[in-house]
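So the chains spell out like this:
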Amino acid sequence: MAQQEDVFKKIVSHCKEYGFVFPSSDIYDGLAAVYDYGQNGVELKNNIKQYWWQSMVLLHENIVGIDAAIFMHPTTWKASGHVDAFNDPLIDNRDSKKRYRADVLIEDQMAKYEDKIQKEIEKARKRFGDKFDEAQFRSTNERVLENQQKYDNLHHRYQEAMNAEGGIDLDALKQIILDEEIVCPISGTRNWTDVRQFNLMFKTEMGSTADGASTIYLRPETAQGIFVNYLNVQKTGRMKIPFGIAQIGKAFRNEIVARQFIFRMREFEQMEMQFFIQPGTELDWFAKWKETRMKWHQNLGFGAENYRFHDHDKLAHYANAATDIEFHMPFGFKEVEGIHSRTDFDLSQHAKFSGKKIEYFDPERNESYTPYVIETSIGVDRMFLSIMCHSYEEQVLPDGQTRTVLHLPAALAPVKLAVFPLTKKDGMPEKAQEIINDLRFHFNCKYEEKDQIGKRYRRMDAIGCPYCVTVDPQTLEDNTVTLRDRDTMEQRRVNIADLRGIIEDKVSITSLLKKLL
Ligand code: ATP
C-alpha cells in the first residue's frame, strides 16, 4: 500500500513537472481542491472529451448535444431536490481537527474487510494452484467466514442508516463509526464529533442588492441543464423517444474532503448524457447503457480486470437503479462514472415547479407520458486521473538505465509525433520543419532540436508521445527517416511520404471509435 501511495505521489509530481496539471493560482500557493491544466494536460483532456462526445453524438443517430449555462434559475435547484437534499454527512475528529465524510469512513472500513478476504483467497490460490476452488474456500475457511460476517453486518447497518425513513440517520452513522472503532488516520484517535449534514452547493448573488439580488447557485451537476431543455430539444430537433441529450461542462461542489489530487475537486468537469425513454423500459435500457459504457472504457486497452461495477447501497432521491463503473487506481477501486435510472423524477419536478407541461406524445401508441431517464455521468478529471495512473511507468531498460514513460493510448496522447533533426546543421532542421509543416494539419506535431537524441526521446516518453522521427544525413539523400515507437523503442527506416499513412490511423480518435462498433 505504501508503495502504491508512493507511485501516486510520483504521478502527481510528474503531472506538474511535464505541464499536465498545476495547482490553481500556484504562485499564491494554490487553492484547495482546484487545479489548472497545463499545455499537455489540456490536450489530453480535450482528447478524452472528444472520444466521449463523438462516441455519443457521432455514433448514435438519436443522441444530440447541447451546451447549457452554468448559472440557472434558482428554482431549478429547488425542483431537483439539491437545495434540500444535496448533503453529505460530515464528521470531525476533535484531535486532528480534520473533517471526513462519515459515509466514506464506513465504506473504507467495508473495503478493509473485503481486502482481508481477498488476501486469504490469493494466498490459498497460490498454495493450491490449479486445484483451487474459490467458492468452496469462501464457504469453509474460518478467517474468510469471520470477515464476511463482519462485512455483512456492517453493510446491513450502513444500508439501514443511509436509507432511513426521513433521510439519513446521522446518529446511527456515528454509532457505526464508534462500534467499528474507526480511527482518524491523522491523529489515530476516536474522538469524533456528531455527524452533521452539509450542503455542497456554492452560492452567489446575481444582480446588485438594490435591484433585489437573487441567490443563485453554481451548478453541482450538468444534468439539470439538460432536463430544463428537454422540451426545446425534443421539439426543435423533432426527436422521437428513445433519444438522448449529451453535454460536457463544468460543475461545482463544495466537497468536504478534497485530498486526492484531481479525484475530488471543487470545480470539475462532467460529461453527462440523459437518455429519454418510455416508462417501463428503464431496466432494459439501464442494462444496455451499463454495457455500452463499460465497453467505452475497456476499449482503451487497460485490461478488463481493472474495472468493475459497484451497485449503490443508497439510491439517490431520484433513482430506482444505480451503479458505478470503478477503476483500479493506486488507492483502490474508485468511481469514475455513475449510471443511474432516474425515473421521471426530474422532468415531473420541473413540470410541477414551472407549471409547464413536460410530456411526450407517442404517435405510435397514441398516448402522452412523462419520459423516464437513464443517465450516464462521468467526470473528465477522474477519467484523466485513471488514464494517467494506468499509463505511468518507471521502466528499467535492458542496459540498466531507467526511463519514465506514459503509455497513453495514442489517440489520447497530447502530442502524436515529435520531429528531431539529428544535428542543427546541413539543412536537417529545415527538413524536419518541412515534415512538420506537412503533417501538422493532420495531428499534433512537435519540433525539438535541443540536447542529444536520447534525451529528446526521454522527454517525449515522459509526455506519452507515441512516435518520434529523426532527420539525419541520409534523409537529405533519400527522403527516409527513422521512426521510433514509444512503447517498444524500436526504430525503423521509413519514407517521409509514408509517415502520415502509418501514424494517422493509430493516433486518430476515429481509430478508437471504429473499435466500438
Ligand atoms: P462521489 O461519491 O465520489 O462523491 P458522486 O457519486 O457524488 O461521487 P456523481 O454525482 O454520480 O458522483 O457524479 C458523476 C461523476 O462526476 C462521478 O462519477 C465523478 O467522475 C465525477 N465527480 C463527481 N464529483 C466530483 C468531484 N468532486 N471531483 C471530480 N469529479 C467528480
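Presented here is an overview of the structure given in this document. Remember, predicted model here, so these are calculated numbers, not experimental data.

## Let's talk about the sheet that holds strand β5 (residues 99–101)
The pairing of strands in a sheet comes from backbone hydrogen bonds and takes either a parallel or an antiparallel form. Across the sheet, three strands lie side by side as β5-β4-β6; this open sheet has antiparallel pairing. On the outer flanks of this sheet lie β5 and β6 (196–199), each paired with one strand and no other. Recorded for the sheet is a direction-independent mean angle of 45° between the axes of neighbouring strands. Sheet topology note: the strand β4 (residues 87–92)/β5 ladder contains three bridges and is antiparallel. Residue pairing across strands places leucine 90 opposite arginine 101, the latter belonging to β5. Each of β4 and β5 touches helix α5 (residues 102–128); the most contacted strand, β5, lies at about 65° to it.

## Describing the nonpolar core
Among the nonpolar cores identified, the biggest contains 68 residues, and Phe20, Tyr51, Trp52, Phe384, Leu385 and Leu412 are the most heavily contacted of them. For this core, the leading source of residues is helix α13 (residues 380–391), giving seven residues. A domain split of this core shows at least three residues from each of domain 1 (40–70 + 218–392) and domain 3 (403–516). Leave out the neighbours within four places in its chain, and phenylalanine 384 touches Phe20, Val21, Tyr37, Gly41, Leu44, Lys45, Ile48 and Ile262.

## A closer look at the state of the cysteines
Within this structure, the stated rule accounts for zero disulfides. Cysteine 389 provides the cysteine sulfur closest to cysteine 15, a residue in no disulfide bond, and the two sulfurs are 8.0 Å apart. Classification of cysteine 15 by relative accessible area gives buried; the value is 0%. Cysteine 468 supplies the cysteine sulfur nearest to cysteine 465, a cysteine that is in no disulfide, at a spacing of 4.8 Å. In this structure cysteine 465 comes out as buried when scored by relative accessible area, which is 1%.

## Thoughts on unusual backbone geometry
Residue proline 242 is reached from isoleucine 241 by a cis peptide bond, and omega for that bond is 5°. Tracing the backbone through its elements, the reader meets proline 242 in the loop between α10 (230–236) and β9 (243–252). Phi at glutamate 181 is positive, roughly 55°, even though this residue is not glycine. Positionally, glutamate 181 belongs in the loop between α8 (170–179) and β6.

## Focus: the layout of surface pockets
Looking at the second largest pocket, its volume works out to about 290 Å³. As for the second largest pocket, its lining consists of 14 residues, of which Val228, His350, Ser354, Lys356 and Ile358 are closest to the centre. Looking at the lining of the second largest pocket, the elements with two or more residues in it are α3 (75–79), α10 and α12 (345–354). Across the lining of the second largest pocket, the residue classes tally to seven nonpolar, six polar and one charged.

## Here we look at the side chain of glutamine 274
Note on placement: glutamine 274 falls in strand β10 (residues 267–277). Residue glutamine 274 is classed as buried on the basis of its relative accessible area, which comes to 0%. A distance of 3.1 Å separates polar atoms of two side chains, one belonging to glutamine 274 and the other to glutamate 375.

## As for the pairing of β10
Looking along a regular strand, one sees the side chains alternate between the two faces of the sheet. When you tally the buried positions in β10, you get 10 out of 11 residues, the bulk of the element. Where β9 lies against β10, 10 bridges are found, and the strand directions are antiparallel. Within β10, the residue paired with phenylalanine 243 across the bridge is phenylalanine 276.

## A short note on the sheet that holds strand β23 (residues 491–495)
Spatially, β20-β19-β21-β22-β23 is the arrangement adopted by the five strands of the open sheet, whose pairing is mixed. Because the sheet does not close on itself, it has two edges, and the strands there are β20 (445–447) and β23. Looking at each pair of strands side by side, their axes are set apart by 30° on average, direction ignored. As defined by bridge partners, strand β19 (residues 417–421) adjoins strand β21 (residues 467–471) across five bridges and the pair is classed as parallel. Bridging across to β21, valine 419 finds its partner in valine 469. Strands β19, β20, β21 and β22 (480–485) of the sheet are contacted by helix α14 (residues 428–439), whose axis makes an angle of about 160° with β19. Across the sheet, helix α15 (residues 453–462) is in contact with β19, β20, β21, β22 and β23; its angle to β19 comes to roughly 165°.

## A closer look at the packing of helix α2 (residues 39–58) against helix α11 (residues 282–298)
Look at α2 against α11: their axes get within 12 Å of each other, and the N-to-C directions meet at 145°. In the packing of α2 onto α11, the handedness of the crossing is right-handed. Along its contact with α2, which presents Ile48, Tyr51, Trp52, Ser55 and Met56, the element α11 presents Trp289, Arg293 and Trp296. A class-by-class count of the residues in the contact of α2 with α11 yields six nonpolar, one polar and one charged.

## Considering the packing of aromatic side chains
For the coordinates displayed, the defined rule picks out 19 aromatic pairs. Ring geometry for tyrosine 230 against phenylalanine 276: centres 4.8 Å apart, planes inclined by 50°, an arrangement best described as tilted. A residue pair is termed long-range when its members are at least 10 positions apart, and tyrosine 230 in helix α10 and phenylalanine 276 in strand β10 qualify at 46 residues. Across the pair, exposure class does not vary: tyrosine 230 and phenylalanine 276 are buried alike. With a centroid separation of 5.8 Å and 55° between ring planes, the pair formed by phenylalanine 420 and tyrosine 457 is classed as tilted. With phenylalanine 420 in strand β19 and tyrosine 457 in helix α15, the pair connects residues that are 37 residues apart, well separated along the chain. Each member of the pair phenylalanine 420 and tyrosine 457 is classed as buried. Within the aromatic cluster, the residues linked to one another by ring pairs are Phe227, Tyr230, Phe243 and Phe276.

Rules used in this analysis
- Residue positions are counted from 1 within each chain, in the order its sequence is given.
- This being a predicted model, a pLDDT of at least 70 is required before a residue's local features are given, and a value of 80 or more before pairs of side-chain atoms are given or counted; all residues contribute to the totals for chains, interfaces and linings.
- Each side-chain value is derived from all of the structure's non-hydrogen atoms; neither hydrogens nor water enter the calculation.
- One bridge is not enough; two strands pair if DSSP finds at least two bridges between them.
- Helix and strand definitions follow DSSP, with helices as H or I runs of at least four residues and strands as E runs of at least two, each counted in order from the N terminus.
- In this analysis, axes come from line fits to C-alpha atoms, helices being fitted only over the stretch in contact, and the angle between any two N-to-C directions falls in the range 0 to 180 degrees.
- A contact between two residues is defined here by any heavy atoms of the two lying within 4.5 Å.
- Only buried residues count toward a nonpolar core, which is a set of Ala, Val, Leu, Ile, Met, Phe, Trp, Tyr and Cys residues joined through side-chain atoms within 4.5 Å.
- Between buried and exposed lies partly exposed: a residue is buried under 20% and exposed over 50% of the maximum accessible area for its type, with that area taken using a 1.4 Å probe on protein chains only.
- For each domain, the first and last residues come from an automatic or database assignment.
- Disulfide assignment relies on a single distance test, namely cysteine sulfur atoms paired within 2.5 Å.
- Every definition here rests on a 1 Å grid over the protein atoms only: cavities are sets of points where a 1.4 Å probe fits but cannot get out, pockets are open sets enclosed by protein on both sides within 12 Å along at least five of seven lines, and lining residues have some atom within 4 Å of a point.
- Grid points are joined across faces, edges and corners, and a volume is the space filled by probe spheres set on the points.
- Residues are grouped as follows: nonpolar covers Ala, Val, Leu, Ile, Met, Phe, Trp, Tyr, Cys and Pro; charged covers Asp, Glu, Lys and Arg; every other residue, Gly included, is treated as polar.
- Polar contacts here mean pairs of N or O atoms no more than 3.5 Å apart (in protein, one a potential hydrogen donor and the other a potential acceptor; neighbouring residues in sequence count only if both atoms are side-chain atoms).
- The handedness criterion is simple: a crossing whose near helix is rotated anticlockwise from the far helix by less than a right angle is left-handed, and one whose near helix is rotated clockwise is right-handed.
- The rule is short: rings of Phe, Tyr and Trp, with Trp giving its six-membered ring, pair when the centres are within 6.5 Å, and they are stacked under 30 degrees, edge-to-face over 60, tilted in between.

Remember that the coordinates give geometry; whether it matters functionally is a separate question.
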